[in-house]
Amino acid sequence: MGFALFSTAHMAIQARDALQNLVFDADTNSVLRAEMAKKNLYVKRVSDTNNFDQSKRMRTGGDYTPAAYHAPGTFVSPPASVWGPQTYMASSTASYDPYGGYPVAQVPPVPIPVAPAGYAPVQNMKDNPPCNTLFIGNLGENTNETELRGLFSGQPGFRQMKVLRQERSTVCFIEYEDLHSAAAVHNNLQGAVLSSSERGGMRIQYSKNPFGRKKDLSGPMPHAVDGTPGATLSDLNGVSSSASQ
DNA sequence: AGCACA
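Remember, it's a predicted structure, so these values are computed and weren't measured experimentally.

A. Broad picture of the protein's contact with DNA strand B. Around DNA strand B sit 23 residues, and of these N124, S169, R203, N209 and R213 come closest. Looking at DNA strand B alone, sugar and phosphate atoms form 29% of those within 4 Å of the protein. In this structure, a base nitrogen belonging to DNA strand B sits 3.1 Å away from a side-chain N or O atom of N138. Here a base nitrogen of DNA strand B and a side-chain polar atom of R199 are 3.2 Å apart.

B. Inspection of the sheet that holds strand β10 (residues 203-206) at higher detail. Ordered by their spatial adjacency, four strands build an open sheet running β7-β8-β6-β10, and the pairing between neighbours is antiparallel. Sheet topology places β7 (158-165) and β10 at the edges, where each strand pairs with a single neighbour. Averaged over all adjacent pairs, the angle separating strand axes in this sheet is 20°, with direction ignored. As defined by bridge partners, β7 adjoins strand β8 (residues 170-176) across seven bridges and the pair is classed as antiparallel. Looking at β8, one finds that Q160 is bridged to E175. Seen against the sheet, helix α2 (residues 145-153) touches β6 (133-139), β7, β8 and β10 and runs at an angle of roughly 150° to β7. Contacting β6, β8 and β10, helix α3 (residues 179-188) runs over the sheet at an angle of about 155° to β10.

Rules used in this analysis
Residues numbered from 1 in each chain as written. Chains lettered and ligands numbered in written order. Predicted model: local features only at pLDDT ≥ 70, side-chain atom pairs only at ≥ 80, totals over all residues. Heavy atoms only, no water. Near = heavy atom within 4 Å. Polar contact = N/O pair within 3.5 Å; in protein donor to acceptor, adjacent residues only side chain to side chain. Pairing = 2+ DSSP bridges. Helix = DSSP H or I, 4+ residues; strand = E, 2+ residues; numbered from the N terminus. Axes fitted to C-alpha atoms, helices over the stretch in contact; angles between N-to-C directions. Contact = heavy atoms within 4.5 Å.

Purely geometric numbers; function is a separate question.
Laid out in structure tokens, this is it:
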């Protein structure tokens, strides 16, 4: 008997139905029986070096936000839908056959949502004028770039990402289609903790210069909702905690 | 606190 944890109940159901009655031993004609567990699986935290109290064990199964912590301002923990129908897929899914040739019902390609391991408070929140490019700081030395990419590329409006590893620190730039997408991510993922990080939560600021643009010489633009800087806070009204609803 | 690419 074994237990397997999935990101969402929906994915668990898909896996259950796909594997149900799978003949896993042709000699004895043994058949696999899969059912939903009564309770969510508890997973012991691997690295718990951020000084924020995460009570050593994290209950998995969708609630990634420690109940005690709420980020400053209008922070609301991202709704489950944020991790839902995203387009990010691990690149290895196509080539790897986990069932080694056993006849198995073809599981429809399921997106692999990447959710932060949790959230932690963020220090020093000074920021730049809103634009479509985010600057990510407080990334640990050995931040897993795949995890980082999975997290941000799954957000609506994602365009590109660049990781910059300096001796001083590791930082990262992420471009979104427009200011609204970037602002949503700025809100939703502020203080997000990667499981590969040994620091606290990441710091998300707007980039000084948007992707693909030289330093702005012409001064602040009066009213811009695309990538250009100069948008005012009122441009962000309506963008609070969720990009999709 | 650390802001590249063009």
